[in-house]
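So the chains spell out like this:
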Amino acid sequence: MAVACASLPALLLRSVEERPDAVAIVDGNRRVSYAALWGQVSAVAGFLAELEIGKGDRVALFLENSADYVAAYYAILLSGGVVVALNTATKARDIDAWVRHSDARLLIADANHPEYAAILERVDAALPIVALGLNAVSDRNRYTWSQAAATPPAPQHPGDLPEEGLAAIIYTSGTTGNPKGVTLTHGNLSSNTLSILRYLELRPDDSIVNVLPFFYSYGNSILHTHLAAGGRIVLEKSMLYPAQVLNRMAEERVTGFSGVPSTYSILLNRVNLAQYDLSSLRYMTQAGGPMAPADVQRLTSLLPNVRFFVMYGQTEASARLAYLPPEKLFEKLGSIGIAIPGVRIEIRGPDDQELAPNVAGELCAHGRNIMHGYWKDPETTRKVLRDAWLHTGDVAYRDDDGYLYIVGRATDMIKSGAHRISPKEIEEVVLELDGVAETVAVGVPDPMLGQAIKLIVVPKPGSALDSRAIQRHCRDNLANYKIPKLIEFSESLPRTPSGKVQRFKLQ
Amino acid sequence: MSVENKIRTYILENYLFTDDQSMLGSDDSFLQKNILDSTGMLEVIYFLEDEFGIKVQDDEMIPDNLDSVNRISAFLARKGGAA
């Protein structure tokens, strides 16, 4: 299929040519048509060309979801550059670490973000920055977004982008000292986009209110699938004000909605869904960790005409690996479904051999959506990518009908509110405090978040450290969702005879 | 303790982990200043309902009512739950 080799900008251009006047993005009061979006993408690509940013050059994005984010993202791809979209919930020290680790040649950042000043203090003074939200800049190497978006377009064409060319790096669940950057090619992103389009049956008349951040792979896939389908994405900042999100869904007559388990938990527990006119809604999707079957049942009974897709994936797979067809939702409740089109999934034992049905092993996946590795980290890459099969670290089994069920994780990773968090990252920050001798972070069950973060601290003798000082230090240095909710002080940590901390005993 | 102080103290203790009152201005936006996420906002709503004996309705969960200490105080005064 020739179309499967198309890059994301090529898929966007097809929508632009077929539906130039249709609305692509609704951002507050701005309604950006496909033609206008492409105009902005071309202009910013022209600006990047003026800075001589081209093939393989990394450009970091530190922007909330917005029409400008979308224009910047596609402009970088069109230029042959590599998008490094950074988590805007995090703090300056991580941003600086990622910008340096990716050797970004340019940073496009929101000057109104609370971390912006701290970021400027940390990053290399010679790093060029495009600052959104500023009308003028005085320093050399600083540009306004208006400047970038008013540049004459460059002659790039998406047809020139190679399938194997690097397109994006997504930093995920590493530590500041050892960032973990998932590298995705044009072929990875476009093949996953086309596969999702197929099973969700997205069409040009589809539209969505999106509350998920584009810097994560789930939100990223919503963006790309809708632009490739020629649909409309209505941006809402978050689920902070759920009634606002539902009013927007009703006003815009959207056909789709996507969330993580906590999104649906908020909808079920804080608002009365029956009060809103959601008659245009055709489907909903859920990913980002297991959703309680009782919540699935409540939601589908409140919205009986809406198809509900349970999905599963990883950033390392561009986004998506499996989905449960809605017609199987109750027959296979609790399952993550079957492999998406173009992906093969096997459950493997420790010797990498495929296991029989109903036997739990590691979920492994193969397909054109699987990443090419972690940026500058061949050792970790070798651990998860063997013979072009991704070893997800998730323990699962396949039933007699071929449906997959996740039963646990083979790693210590914490999954809280759909964020994948390395306990080491939290421990590294807490150990910076003087009074801490040892510490361990673990995930404990939480009805809203799936897992909440619990920290066990062994204080140094005579230390007067309290929970609040630890949480404050975490708040200053970590994204808010990584701040431990529970802190316990202990004289020692449980260990194996060989000295390894037994994390499971602390959960 | 005044209503405004109760709200400020709750936010400072639970989300900014300090009792330094200067860390949170009365008009600071919880969203813009990255103080609360969606689950944090839910916790704040549960706190308001418990502490002030009110019920926050769907259509009242909007930034105008909840996005700063002052907005919450004014909202509570309108609801009559500030006593």
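Everything below is about the structure shown above.
What you see is a predicted model; the values in this text were computed from it and never measured.

**Looking at unusual backbone geometry**
Residue and element names in this part refer to chain A.
Consideration 1: The phi dihedral of Glu-201 falls on the positive side, at around 55 degrees, and the residue is not glycine.
Consideration 2: For Glu-201, the location among the structural elements is in the loop between helix 7 (186-200) and strand 10 (207-210).
Consideration 3: Using a count of 11 C-beta atoms within 10 Å as the deciding quantity, one classes Glu-201 as exposed.
Consideration 4: Positioned with a positive phi, Arg-253 is a non-glycine residue whose angle comes to about 50 degrees.
Consideration 5: Secondary-structure assignment places Arg-253 in the loop between helix 9 (242-252) and strand 12 (256-259).
Consideration 6: By the C-beta count within 10 Å, which is 13 here, Arg-253 ends up partly exposed.

**Quick notes on the sheet that holds strand 11 (residues 232-235) of chain A**
Residue and element names in this part refer to chain A.
Consideration 1: Read across the open sheet, the nine strands follow the order 2-1-11-10-12-13-14-15-16; overall the sheet is mixed. The open sheet terminates on both sides in strands that have one partner only, identified here as strand 2 (30-33) and strand 16 (338-339).
Consideration 2: Judged from the two bridges that link them, strand 10 and strand 12 form a sheet pairing that is parallel. Bridge assignment links Ile-208 to a residue of strand 12, and that residue is Gly-256.

**Regarding the sheet that holds strand 26 (residues 450-459) of chain A**
All names here are of chain A.
Consideration 1: The mixed open sheet is built from three strands, whose spatial order is 25-26-27. The open sheet has two edge strands, strand 25 (436-446) and strand 27 (486-489), and neither has a second partner. Taken pair by pair, the neighbouring strands of this sheet meet at an average axis angle of 25 degrees, ignoring direction.
Consideration 2: Relative to strand 26, strand 25 is paired through ten bridges, and the arrangement is antiparallel. For Glu-438, the partnering residue across the bridge sits in strand 26 and is Val-458.

**Section: the pairing of strand 13 (residues 283-286) of chain A**
Successive side chains on a regular strand alternate, one facing one side of the sheet and the next facing the other.
Residue and element names in this part refer to chain A.
Consideration 1: In this structure, strand 12 lies alongside strand 13, joined through four bridges in parallel fashion. Bridge assignment links Phe-257 to a residue of strand 13, and that residue is Met-284.
Consideration 2: The handedness of the strand 12 to strand 13 crossover, carried by helix 10 (residues 261-270), is right-handed.
Consideration 3: Both strand 13 and strand 14 (residues 307-313) contribute to a ladder of four bridges, which runs parallel. Considered in strand 14, the bridge of Thr-285 is made with Phe-309.
Consideration 4: As for the winding sense of the linkage, the β-α-β connection from strand 13 through helix 11 (residues 293-302) to strand 14 is right-handed.

Reading guide: rules and limits
- Residues numbered from 1 in each chain as written.
- Chains lettered and ligands numbered in written order.
- Predicted model: local features only at pLDDT ≥ 70, side-chain atom pairs only at ≥ 80, totals over all residues.
- Helix = DSSP H or I, 4+ residues; strand = E, 2+ residues; numbered from the N terminus.
- Buried ≥ 20, exposed ≤ 12 C-beta atoms within 10 Å, placed from the backbone.
- Pairing = 2+ DSSP bridges.
- Axes fitted to C-alpha atoms, helices over the stretch in contact; angles between N-to-C directions.
- Right-handed = clockwise from strand over helix to strand, strands pointing away.

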